[in-house]
Amino acid sequence: MHRTNPLRRRAALGCLIAMASFTLPAWADTIDRPTLVADKPLDGSTEVTGSVTLERGFPYHRYTAQTDGFVRFQMETSNLENRPNDNEGVAWRPYLRIISVSNEHRHAEAWSSNGHQLDTSTGKAELVLRVRKGEQFDVITTLAQNFVRKRPDARANYRLVVQEVSP
Amino acid sequence: MNRRRIMQGVAASLLLLSAGCADDDFESQVGELRQDSLNNPTDTGIDLEPGLWHDNVLVPGEGWHLYHFTPEQSGWVAFQMQAPPGHENLWSYLRIVDPEHNNEVWAGVGNKRTNLCEVIVNVDAGHTYDVIVTSQENSLLAAGATQETDGPYTVAVSPLTLDFEAGTE
């Protein structure tokens, strides 16, 4: 009966692990499977900061409307302090996507904006929605660059400012 | 001799006529295959006026309609598209582009129940905005796939009074 050498078996196992880690992507999320930033919910008018990374390219925040009226989401991007020359020194173009959480009034609505970089140090995007108090939306804060290769492909800091107004 | 020339003339005419028919057939075939797209929408040549609704129909091959809007005053406006609720292949989708502002884009997919889509934009006076109307199905169409959208819609732009405090601008 043929018996496998334990050393060869361990070497084969090591090779398998190495191959798996080489072929599996380093990123975990996509635009259709974004990552919830659970510790930074958006409850009414507020402001949060965060970062888009190669490991988490599509972060999203859950927004809950605190008023009947309108809400404005403004997203700003800037290059990382230790990588000022990314994208030839121009802040990455933001891509803001908002998806409604279905309720008795809403069903499958979504919005997006790919913003601009007229000021090279800051990319900006803006979306405004009509909302009812208590409605919820998922706000995805990513970069237009991440759509070029359909995966996280750039790093940036972002600031998200939420303002509600009543009519 | 004359009879021979006449026959030659008739034959030549028949050839030209059949060639013409062939061209017509070719054009109709091309016509059947022609499809507009996100990057090549069908320009309606219509300038939207604030407060006025414009009715139209999307059909297979012409599933992307382009309108234009040039506001006289800066401020907030709501672009709206409404299609019949429950329509089997027309789910309202609006895309607004500002070519004079780094091609900034705002897009929206409508409420699946009401089939009403709304995109709110702070417009600049004098800029001409592209207002592109389509169906969500067309926006997801794979290359080479045939458009099936076939239904009526109405589109409008309405001024809004919104008083947001200074944000990141």
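Below is a summary of the structure that appears in this document.

About the criteria used
Residues numbered from 1 in each chain as written. Chains lettered and ligands numbered in written order. Predicted model: local features only at pLDDT ≥ 70, side-chain atom pairs only at ≥ 80, totals over all residues. Heavy atoms only, no water. Helix = DSSP H or I, 4+ residues; strand = E, 2+ residues; numbered from the N terminus. Buried < 20%, exposed > 50% of the residue type's maximum accessible area, 1.4 Å probe, protein only. Contact = heavy atoms within 4.5 Å. Areas by Shrake-Rupley, 256 points an atom, 1.4 Å probe, with all protein chains shown as cover. Salt bridge = Lys/Arg side-chain N within 4 Å of Asp/Glu carboxyl O. Pairing = 2+ DSSP bridges.

1. Quick notes on the overall build of chain B
Then step 1. Across its full length, chain B carries two helices and nine strands.
Then step 2. Listing every helix and strand of chain B by position from the N terminus yields α-β-β-β-β-β-β-β-β-α-β.
Then step 3. Each of the 169 residues in chain B was classed as buried or not, and the buried ones make up 40%.
Then step 4. When contacts within chain B are restricted to residue pairs at least 6 apart in sequence, those whose partners lie at least 24 apart make up 73%.
Then step 5. Within the structure as shown, chain B displays about 9,500 Å² of accessible surface, and the carbon and sulfur contribution to it stands at 53%.

2. So, the pattern of salt bridges
Then step 1. With the rule as written, the count across this model stands at 10 salt bridges over all chains.
Then step 2. With a shortest N-O distance of 2.6 Å, Glu118(B) and Arg130(A) are connected by a salt bridge. Taken together, the residues span two chains, with Glu118(B) in strand S7 (residues 116–123) and Arg130(A) in strand S9 (residues 122–131).
Then step 3. Note on Glu118(B): relative accessible area 15%, which makes it buried.
Then step 4. Judged by its relative accessible area of 37%, Arg130(A) is partly exposed.
Then step 5. The closest approach of N and O atoms between Glu135(A) and Arg132(A), which form a salt bridge, is 3.4 Å.
Then step 6. On the accessibility criterion, Arg132(A) (40% relative accessible area) is partly exposed.
Then step 7. In the salt-bridge network here, residues are joined through shared partners; they are Arg106(A), Glu109(A), Arg132(A) and Glu135(A).

3. A short note on the pairing of strand S10 (residues 136–143) of chain A
Residue and element names in this part refer to chain A.
Then step 1. Buried residues dominate S10, accounting for seven of its eight residues.
Then step 2. Both strand S6 (residues 94–100) and S10 contribute to a ladder of seven bridges, which runs antiparallel. The partner of Pro94 across the bridge, within S10, is Leu143.

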